[in-house]
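Observations on chain architecture
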Amino acid sequence: MAKQLAGLSPKHFLWTVEDRVAQVRLNRPERKNPLTFESYAELRDTFRDLVYADDVDAVVFLPNGGNFCSGGDVHEIIGPLVDMDMKQLLAFTRMTGDLVKAMLNCGKPIITAVDGVAVGAGAIIAMASDIRLATPEAKTGFLFTRVGLAGCDMGACAMLPRIIGQGRAAELLYTGRTMSAEEGDRWGFYNRLIDADSLEAEALELARRIVAGPTFAHGITKTQLNQEWSMGLDQAIEAEAQAQAICMQTRDFERAYRAFVAKEKPVFEGD
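Described below are features of the structure shown in this document. In this convention, every chain numbers its residues from 1, walking through the sequence in written order. Under the rules for a predicted model, residues below a pLDDT of 70 receive no local features and side-chain atom pairs below 80 are neither given nor counted, while totals for whole chains, interfaces and linings still include all residues. Heavy atoms throughout the structure, all of them, feed into the side-chain values; hydrogens and water do not.

Let us now look at the sheet that holds strand β8 (residues 178-180). By definition, two strands form a pair when at least two bridges between them are found by DSSP. Put simply, DSSP H or I for four residues or longer makes a helix, DSSP E for two residues or longer makes a strand, and each gets a number counted from the N terminus. Spatially, 3 strands are ordered β5-β7-β8 in an open sheet, and the strand pairing comes out mixed. Looking at strand neighbours, the two that pair on one side only are β5 (117-119) and β8, the edges of this open sheet. Between one strand axis and the next, the sheet turns through 25° on average, direction left out of account. Looking at chain direction, strand β7 (residues 139-141) and β8 are connected through 3 bridges and run antiparallel. Paired with glycine 141 across the two strands is threonine 178, which belongs to β8. In this description, a line fitted to the C-alpha atoms serves as the axis of each element, helices being fitted only across the stretch in contact, and the angle between N-to-C directions of two axes falls anywhere from 0 to 180 degrees.

Written as structure tokens, this is what we have:
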């Protein structure tokens, strides 16, 4: 059943929708925007609902106050976790992983624009996005070993090596050190670096360009990008044949053909 999310009023982060592009900002800039139990859960639920939203076609995660996200709040998350039993701890770690699953399965392209600090779960949110932009000042860190935990958090050991390579991912996940913006750009974690005064405008312009395309087909592309990780080549080629046949039944495919014949630019409507 279709949902309308343009008017969503979340309690634990900022949300606006303009031109079918949702903008998300964590909203504790005085603390570099840490996550809490409540913001984790509300983000997870929002991305789950995006699957059914027919008024949002892309999402842009933006920084707030010069920083993206400082990870889980030390006082509101890390402290309470020390006193939890195993069942409670597993419920929490599954919830954080469910945010990544919801992002991967929301059916909408996600662009993350990073300025300042993006560490811990903040780095994971960037990692789980489809496209990542950053300023030269961005500092990205998978800090889990620095608080006595394994580097395998929220899918990092599966996803990060696919983005930057096994050896580079291993170094970051074992040491917890910060990846500079230059490293992130050179290694392919970031699509490109952009000056801070242009970052948000360029991220939103990229989102609008994507939204102007065939949005139903974009959802298929996102699904295939994620599902083909676990396929052999024969399976992937067959899955793409089926996916493309589905897209060939859309009116956007016909619109593109008729526009080409008329020597006009196609206007896609997402159906």
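On we go.
Glancing now at unusual backbone geometry. Positive phi values are uncommon outside glycine, yet arginine 20 reaches one of about 70°. What makes arginine 20 partly exposed here is its relative accessible area of 34%. Not every positive phi belongs to a glycine, and lysine 32 is a case in point at roughly 65°. For lysine 32, the position within the fold is in the loop between β2 (21-26) and α1 (37-50). Exposure is judged per residue with a 1.4 Å probe applied to protein chains only, and the accessible area is read against the type maximum: over 50% gives exposed, under 20% gives buried, and values in between give partly exposed.

Moving on: the sheet that holds strand β9 (residues 192-193). Pairing within the open sheet is mixed, and its 6 strands lie in the order β1-β2-β3-β4-β6-β9. Unpaired on one side and paired on the other, β1 (13-18) and β9 mark the two borders of the sheet. For β2 and strand β3 (residues 58-62), the ladder comprises 5 bridges, and the chain directions are parallel. Residue pairing across strands places glutamine 23 opposite valine 60, the latter belonging to β3.

A pair of aromatic rings is counted whenever rings of Phe, Tyr or Trp (Trp by its six-membered ring) have centres within 6.5 Å, and the orientation is called stacked for planes under 30 degrees apart, edge-to-face for over 60 and tilted otherwise. Tallied over the full model, the rule gives 6 aromatic pairs. With centroids separated by 5.4 Å and ring planes inclined at 90°, the aromatic side chains of phenylalanine 37 and phenylalanine 92 adopt a geometry described as edge-to-face. In this pair, phenylalanine 37 is assigned in helix α1 and phenylalanine 92 in helix α3 (residues 86-104), connecting sequence segments 55 residues apart. Ring geometry for phenylalanine 189 versus tyrosine 190: centroids 5.0 Å apart, planes at 90°, classification edge-to-face. Note on accessibility: phenylalanine 189 and tyrosine 190 belong to one class, buried. An aromatic cluster of at least three residues, connected via ring pairs, comprises Phe37, Tyr40 and Phe92. We call a charge positioned above a ring when the Lys NZ or Arg CZ atom is no farther than 6 Å from the ring centre and deviates by at most 35 degrees from the ring normal. Sitting above the plane of the phenylalanine 189 ring, arginine 132 keeps its charged end 4.9 Å from the centroid.

This part takes up α1. Since the α-helix advances by 3.6 residues per turn, residues separated by three or four positions end up pointing in the same direction. Its 14 residues place the ends of α1 20 Å apart at the C-alpha level, agreeing with the 20 Å of an ideal helix rising 1.5 Å per residue. By the burial criterion, the buried members of α1 are Ser39, Tyr40, Ala41, Glu42, Leu43, Arg44, Thr46, Phe47 and Leu50. What a helix is expected to span follows from its residue count: subtract one and scale by 1.5 Å.

Another aspect to go through is the layout of surface pockets. Which parts of space are left empty comes out when a probe the size of a water molecule is rolled across the atoms. Using only the protein atoms, space was sampled on a 1 Å grid; points where a 1.4 Å probe fits but cannot get out form cavities, open sets with protein on both sides within 12 Å along at least five of seven lines form pockets, and lining residues are those with an atom within 4 Å of a point. Grid points are joined across faces, edges and corners, and a volume is the space filled by probe spheres set on the points. Within this model, the largest pocket holds a volume of roughly 740 Å³. As for the largest pocket, its lining consists of 28 residues, and the residues nearest its centre are Ile78, Leu81, Phe144, Val147 and Leu149. With 6 residues, the single largest contributor to the lining of the largest pocket is helix α2 (residues 74-82).

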